[in-house]
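Chain by chain, the residues:
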Amino acid sequence: MMSDEFFTKLDAQIQSGNPFVAYRNPKAKNGLTKALLQDSAEIYKTSNFTENGFIFSPFKNAENTFLIPSENAEIITAEYPAENLEGVKKENTAFPPAYTNNEAKIKHEKLVQKGIEVIEEGELKKVVLSRKEDVQTQLNALDIFKNLLKKYETAFVYFWFHPQTGIWLGATPETLLNVERDKFKTMALAGTQAFKGTSSVNWGEKEIEEQQIVTDSILENLEHKVSGTIHKSEPYTSKAGNLLHLQTDITGMLNLEKKTSLKSLILALHPTPAVCGLPKKMAQQFILENEDYDREFYSGFLGELNMKKEVKRNNNRRNQENQAYGSILKQTSLFVNLRCMKLEAGKARLFIGGGITKDSNPADEWQETVNKSHTIKSVLVK
């Protein structure tokens, strides 16, 4: 399908009021962009994650996850590659005004200071604290989605609409979980700095320690859910838009003897230390009691659930393994809902946060949220 026809169908779906999702996976071949257009306004949810389709889950209650079932949706695709924006001058780019809300600054710094004090008392190792920011925009949702597709080649870019949730868009750099057959892959992501033309950068002790804490926690959570050896890469610098992060890849096998369910694996990982903190339950409680706003679907998760994928048979009869697997298999590909916004009435609600440790500085943490918001704001203008 041509991209013009693809976006026309999305627009028609918006007018119908029926749920849909459009998305592109990181580094998708030829910019392959997909959409699931639900055929009615019926509300579907999942709590056991055994269905096929696309899911959209909130931060604080994964048992209340929205679902667009594959069997109740038209699936369409188009090619929409990202643009090569590196080296392009940004001198004439019109960004929204810099965020200088002093009241919001004071409020966030007080929240960060409270988090630091609790960590110093020894109750928490890390807590991820966030804020919301409302930005006016003259662009409609489809135009913002196109801007995200153009800008973020290495992120999971999406446009979600449901009458129960409203319109959400985002470009997240963080994988929650990939599962194919009995193999799984996840990642530990921490640390942020601006991309300035190179990924060869130095990381401070705070970011390196935070990355290690995140990695150790994920490995510990997975220990009783999987079998065999869990493999992890060395930390490396990854790029998402104009930001750099420290990333560690983690892979392994599901524990089939213990009949590890997809649900148990998801709940072992969510919410990740990159959006919540450690220990997980204590950090989540601190967030719910102190952030003073509802994250809704920010820092939840979303993506393909048990979607069917065709694997072509190998014609070499001696290759018995490939012969056996030459069929339809189920694949799950979930992402943490970061770098996202909720759009309503010409206003984009942005959600920005950062990881707090004992070495954090409230003023620096505020500035990091400003830097992050500036990056996502660039898609809100023509």
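Above this text is the structure in question.
No experiment lies behind these values; they were computed from the predicted model shown.

Analysis parameters
Residues numbered from 1 in each chain as written. Predicted model: local features only at pLDDT ≥ 70, side-chain atom pairs only at ≥ 80, totals over all residues. Heavy atoms only, no water. Helix = DSSP H or I, 4+ residues; strand = E, 2+ residues; numbered from the N terminus. Polar contact = N/O pair within 3.5 Å; in protein donor to acceptor, adjacent residues only side chain to side chain. Contact = heavy atoms within 4.5 Å. Phe/Tyr/Trp six-rings, centres within 6.5 Å; stacked < 30°, edge-to-face > 60°. Buried < 20%, exposed > 50% of the residue type's maximum accessible area, 1.4 Å probe, protein only. 1 Å grid on protein atoms, 1.4 Å probe; cavity = no way out; pocket = protein on both sides within 12 Å on 5 of 7 lines; lining within 4 Å. Points joined across faces, edges and corners; volume = space filled by probe spheres on them. Nonpolar A, V, L, I, M, F, W, Y, C, P; charged D, E, K, R; others polar.

Quick word on the side chain of Thr-172
Inspection of the secondary structure puts Thr-172 in strand S9 (residues 166-172). Polar side-chain contacts of Thr-172 include one of 3.2 Å to the backbone nitrogen of Glu-174. Within polar-contact distance, the side chain of Thr-172 engages the backbone oxygen of Val-336 at 2.5 Å. If we skip the residues at most four places from it in the chain, Thr-172 touches Ala-155, Phe-156, Phe-335, Val-336 and Leu-338.

What about the packing of aromatic side chains?
In total, this model carries 22 aromatic pairs according to the counting rule given. Measuring from centroid to centroid gives 6.2 Å for Phe-49 and Phe-301, while their planes differ by 45°, and the two rings are tilted. Of the two residues, Phe-49 is situated in the loop between strand S3 (45-46) and strand S4 (53-57) and Phe-301 in strand S16 (residues 301-310); the sequence distance between them amounts to 252 residues. Taking relative accessible area as the criterion, Phe-301 reaches 0% and is therefore assigned buried.

Quick notes on the layout of surface pockets
Space inside the second largest pocket adds up to approximately 540 Å³. Lining the second largest pocket are 25 residues, with Pro-26, Thr-175, Lys-185, Met-187 and Phe-335 positioned closest to its centre. Secondary structure elements with two or more residues in the lining of the second largest pocket: strand S10 (175-180), strand S11 (183-194), strand S13 (236-240), strand S14 (243-254) and strand S17 (328-336). Class assignment for the residues of the lining of the second largest pocket results in 8 nonpolar, 11 polar and 6 charged.

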